[in-house]
Amino acid sequence: MGRTPRKLPLTALRTFEVAARRLSFKDAADELCVSATTVSNQIRELERDWRCQLFIRKTRSVVLTDEGRSLSRVLTKAFDDIRAEIEMRGQSTRKTVTLAVGPIFGTRWMVPRLARFRRDLPNIDLILQDSPRITDAVMMGAHLAVDWGEGNWAGLDSMHLLDITYAPVVNEALLAERGGLSRVEDLAKYPVIHQRDRSEWAAWLGMMGCSGLELKEEIIITDTNTVMQAALEGQGVSLGIFPFVNRELNSGVLIKPFDVELKPKRSFYLLAKPGSERTAEVSSVIKWLLDQAGAS
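Residue positions within a chain follow its written sequence, with the count starting from 1. Note on the predicted model: pLDDT of at least 70 is required for a residue's local features to be given, and 80 or more for side-chain atom pairs to be given and counted; whole-chain, interface and lining totals, by contrast, use all residues. The side-chain figures draw on all heavy atoms in the structure; neither hydrogens nor water molecules are used.

Now, about the pattern of salt bridges: what can you tell me, with residues and values included?
Note on definitions: salt bridges are taken to be side-chain nitrogens of Lys or Arg within 4 Å of carboxyl oxygens of Asp or Glu. Per the counting criterion, the structure on display carries 21 salt bridges. Aspartate 163 serves as the salt-bridge partner of lysine 263, at 4.0 Å between the closest nitrogen and oxygen. In this pair, lysine 263 sits in the loop between strand E11 (254-255) and strand E12 (267-272) while aspartate 163 sits in the loop between strand E6 (157-162) and strand E7 (165-171), placing the two residues 100 residues apart along the sequence. Relative accessibility decides the category of a residue: with a 1.4 Å probe and only protein chains considered, values under 20% of the type maximum give buried, values over 50% give exposed, and everything between is partly exposed. Residue classification places lysine 263 among the exposed residues on the basis of a relative accessible area of 56%. Secondary structure elements follow DSSP: runs of H or I no shorter than four residues count as helices, runs of E no shorter than two count as strands, and numbering proceeds from the N terminus.

This is the structure we're talking about:
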């Protein structure tokens, strides 16, 4: 007699798939509406039953092992196939498209266009998801994603969407308090806010011939939206991301003291799994996003 097939722990596998895609037990718990402890326990049970380690657990993050990465690829494809089949069999004339975006792009570019999206594509429900940085197709859980890079993502189609530039911006009140910014050297009188590291400010100062300028007050912030909020509240001079700060510049809330802009090598790209553009509703969203970026 043949061996009885072993039961698959589908709930635990689904939990693992989300945790592997998001590389965070906490974020997986939020998506699945369970506790982080539940996520951790289910994954430990998988590791115990299968006698292999799926994650390397660090202090504030988790990393997939080779076994975990292999299982993640299989599960992501399987759940995508299940999702696609259910959507295809759905009776509603409305279709759903998921779009994963980072915080600054979502807040500053996508949200102001949601009313226009509903008007232009009334039969498509767009679901915006918060997205970590995407490195390859394994991390692509949505139909589409917008990410920041040079155009190369393993196993994904990438379409250039939006270029940005950097230039210093400062709150008007701080500008008056510190005595103005007529020369680059005047930055030494101000708190300077860095995004993640000092590389972008170093590149801009180099363009201005002031690589050796000593900045006496420096603040490093990881999240882009927090950098923007700190600049708006007069906590320092930041490199404003254009066109994302145009509204504050036009209203006078922020001042752009120098005209020289730094253009980074990276841009925003629209990412899709190969073949997903052949789905009618995904194709419509791709075209709409590209048209909007072209118009802006």
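And the narrative resumes.
Can you explain helix H11 (residues 280-295)? Please cite residues and give values.
The length a helix should cover is 1.5 Å for every residue beyond the first. With 16 residues, H11 ought to run about 22 Å at 1.5 Å a step, and its terminal C-alpha atoms sit 22 Å apart, in line with that. Turning to H11, its buried residues number three or more, namely Glu281, Val282, Val285, Ile286, Trp288, Leu289, Gln292 and Ala293. Along the axis of H11, the buried positions cluster into a sector of 165°, meaning they face one direction only. Opposite the packed face of H11, turned more than 90 degrees from it, sit the exposed residues Ala280, Lys287, Gly294 and Ala295. What the arc covers is the set of directions going from the helix axis to the C-beta atoms.

Could you give an account of the sheet that holds strand E5 (residues 144-149), naming the residues involved and the relevant values?
Note: two strands are recorded as paired if DSSP finds a minimum of 2 bridges between them. Pairing is mixed across the open sheet formed by 5 strands, whose spatial order is E4-E3-E5-E12-E6. Either end of the sheet is taken by a strand with one partner, and the two such strands are strand E4 (124-130) and E6. Taken pair by pair, the neighbouring strands of this sheet meet at an average axis angle of 30°, ignoring direction. Contacts are assigned to residue pairs that have any heavy atoms within 4.5 Å of one another. Axis geometry follows a simple rule: fit a line to the C-alpha atoms, using only the stretch in contact for helices, then measure angles between N-to-C directions, giving values from 0 to 180 degrees. Each of strand E3 (95-101), E4, E5, E6 and E12 touches H11; the most contacted strand, E6, lies at about 35° to it.

Describe the confidence of the model for the protein chain, and please don't skip the residues or the numbers.
When pLDDT is averaged across the protein chain, the result is 89; 94% of the residues are at 70 or more. What pLDDT reports is the predictor's confidence in each residue, on a scale of 0 through 100. No element of the protein chain has a lower mean pLDDT than helix H4 (residues 66-89), which averages 82, and none a higher one than E7, which averages 97. Across residues 1-5, where pLDDT falls below 50, the model places 0 contacts with residues more than four positions away in sequence or in other chains.

An account of the packing of aromatic side chains is requested, with residue identities and associated values reported.
The criterion for an aromatic pair is that two Phe, Tyr or Trp rings (for Trp, the six-membered ring) have centres within 6.5 Å, with stacked assigned to planes under 30 degrees apart, edge-to-face to planes over 60 apart and tilted to the rest. If you walk through the whole model with that rule in mind, you get 11 aromatic pairs. With a centroid separation of 5.1 Å and 85° between ring planes, the pair formed by phenylalanine 117 and tryptophan 288 is classed as edge-to-face. Pair noted here: phenylalanine 117 is in helix H6 (residues 114-120) and tryptophan 288 is in helix H11, with a separation of 171 residues, a long-range link. In this structure tryptophan 288 comes out as buried when scored by relative accessible area, which is 6%. Ring geometry for tryptophan 201 against tryptophan 204: centres 5.8 Å apart, planes inclined by 85°, an arrangement best described as edge-to-face. Taken together, the residues span about one helical turn, with tryptophan 201 and tryptophan 204 both in helix H8 (residues 199-207) at a distance of 3 residues.

Mind laying out the nonpolar core, listing which residues take part and the relevant values?
One finds Phe105 and Leu187 to be the most contacted residues of the largest nonpolar core, which totals 47 residues. When residues of this core are assigned to their parent elements, the largest contribution, 6 residues, is made by H11. Discounting chain neighbours no more than four positions away, the residues touching leucine 187 are Leu181, Val192, Trp201, Trp204, Leu205, Leu213, Leu215 and Val237. Phe25, Leu54, Leu64 and Leu71 belong to the second-largest nonpolar core, a separate cluster that totals 19 residues. Nonpolar cores were defined as sets of buried Ala, Val, Leu, Ile, Met, Phe, Trp, Tyr and Cys residues, with membership established by side-chain atoms within 4.5 Å.

So, the sheet that holds strand E10 (residues 237-242): which residues are in play, and what are the values?
The strand order across the open sheet formed by 5 strands is E9-E8-E10-E7-E11, and the pairing between neighbours is mixed. Where the open sheet ends on each side, the last strands, each with one partner, are strand E9 (217-221) and E11. Of the pairings in the sheet, the one linking E7 to E11 comprises 2 bridges and is antiparallel in character. Its bridge partner being in E11, valine 170 is matched across the sheet by isoleucine 255. On the sheet, helix H9 (residues 224-232) packs against E7, strand E8 (191-195), E9, E10 and E11 and is oriented at approximately 165° with respect to E8.

Quick rundown of unusual backbone geometry? Include the residues and the values.
Of note, the amide linkage connecting phenylalanine 242 to proline 243 takes the cis form, showing an omega dihedral of 20°. Its place among the elements puts proline 243 in the loop between E10 and helix H10 (246-251). Although it is not a glycine, leucine 23 adopts a positive phi angle of roughly 50°. Relative to the assigned elements, leucine 23 resides in the loop between helix H1 (10-22) and helix H2 (25-32).

Residue-level account of the environment of glutamate 47, with values.
Within the secondary structure layout, glutamate 47 lies in helix H3 (residues 36-50). For glutamate 47, a relative accessible area of 11% gives the class buried. Apart from the residues within four sequence positions on either side, glutamate 47 is in contact with Cys52, Gln53, Leu54, Phe55 and Arg57. Within the structure, glutamate 47 has its side chain in polar contact with the backbone nitrogen of leucine 54 (distance 2.8 Å). Here a polar contact is recorded for every N or O atom pair within 3.5 Å, except that within protein the pair must consist of a potential hydrogen donor and a potential acceptor, and residues adjacent in sequence are included only if both atoms are side-chain atoms.

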